[in-house]
Amino acid sequence: MIDGFRFLPEYFSPPAQKALLADVLGLLDDNPLYRGSMPRTGKPLSVRNTNLGPLGWVSDIKGYRYQPTHPVTGKPWTPIPQALLDLWRDVASFPAPPQACLVNWYEADSRLGLHIDADESAKDAPVISVSLGSRALFRLGGLERKSPTSSMRLASGDVVVLGGAARQAYHGVDRIYPDSSTLVPGGGRINLTLRRVTAP
Ligand code: MD6
Ligand code: FE
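Right, let's walk through the structure included here.

Thresholds applied
Residues numbered from 1 in each chain as written. Chains lettered and ligands numbered in written order. Predicted model: local features only at pLDDT ≥ 70, side-chain atom pairs only at ≥ 80, totals over all residues. Heavy atoms only, no water. Donors = N, O, S within 2.8 Å, 3.2 Å for Na, K, Ca; no water. Helix = DSSP H or I, 4+ residues; strand = E, 2+ residues; numbered from the N terminus. Buried < 20%, exposed > 50% of the residue type's maximum accessible area, 1.4 Å probe, protein only. Pairing = 2+ DSSP bridges. Axes fitted to C-alpha atoms, helices over the stretch in contact; angles between N-to-C directions. Core = buried A, V, L, I, M, F, W, Y, C linked by side-chain atoms within 4.5 Å. Contact = heavy atoms within 4.5 Å.

Quick notes on the coordination of the iron ion (ligand 2)
Part 1 of the argument: All of the protein donors around the iron ion (ligand 2) are His115 (NE2), Asp117 (OD) and His171 (NE2); their distances to the metal are 2.1 to 2.2 Å.
Part 2 of the argument: Along the chain, the residues donating to the iron ion (ligand 2) are arranged with the sequence spacing H-x1-D-x53-H. Separated by 56 residues along the polypeptide, histidine 115 in strand E6 (residues 112–115) and histidine 171 in strand E11 (residues 171–177) bring together distant segments of the chain.
Part 3 of the argument: The class for histidine 115 is partly exposed, based on a relative accessible area of 22%.
Part 4 of the argument: Look at histidine 171 and you get buried, because its relative accessible area is 7%.

Laid out in structure tokens, this is it:
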């Protein structure tokens, strides 16, 4: 596996998953899920998303970027929940806090194509992800799109860290296994990714 990839299975216990989910669901009223679109083509994304924190990742026909406000409501994003700041402090080995938590909401047929998280200028900070709800088939490759890949299932409570070389590696979600967990309403999956956007 590529250097800098870490898999922390069931980092969050079932009660901790419930508490984190309640935090996130409670913040969706002020930070509603919406469907972004692909740069240039405007094709709708398969996954709905929102953000928490001083900055949020946004994708629309104009491109990918980070911005301090929700593109639909125009309001600032709500702060990142403490449990996620604690995760970053304990796992990131980075001297500054995360600035964005992207909340991706997968339904039964959602997928996420192979990509590199490349819109952050803090290239030496890891990206840390937390999975909640139904399991997903996660694929991790290398530095080039054609690099060999390996696949693994991510279950509720699992944490993935892409740091070091893995920070620049291609990865994606080929499918979810709907209703493989009852945690998330509707049997879906939530993935939370913590990012440092600007160099501290
Ligand atoms: C997902 N995760 O698990 C998609 N990105 O739904 C990501 O795209 C990701 O898991 C950067 C670091 C860790 C990740
Ligand atoms: Fe990613």
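Next comes the rest of the description.
Examining the sheet that holds strand E8 (residues 135–140)
Part 1 of the argument: Spatial ordering of the open sheet is given by E6-E11-E8-E9, a layout of four strands whose pairing is antiparallel. Both edges of this open sheet fall to E6 and strand E9 (150–154), since each of them pairs with a single strand only. Strand-to-strand, the axes of this sheet are offset by a mean angle of 25°, without reference to chain direction.
Part 2 of the argument: Relative to E11, E8 runs antiparallel, the two being bridged by six bridges. When the bridges of E11 are listed, arginine 135 appears paired with tyrosine 177.

Structural notes on the nonpolar core
Part 1 of the argument: If you look at the biggest cluster of nonpolar residues, it comprises 31 residues, and the most contacted ones within it are Leu84, Leu87, Ile128 and Leu192.
Part 2 of the argument: Once residues within four sequence positions are removed from consideration, isoleucine 128 is found in contact with Leu87, Trp88, Val91, Ala92, Val159, Val160, Val161, Leu192, Thr193 and Leu194.

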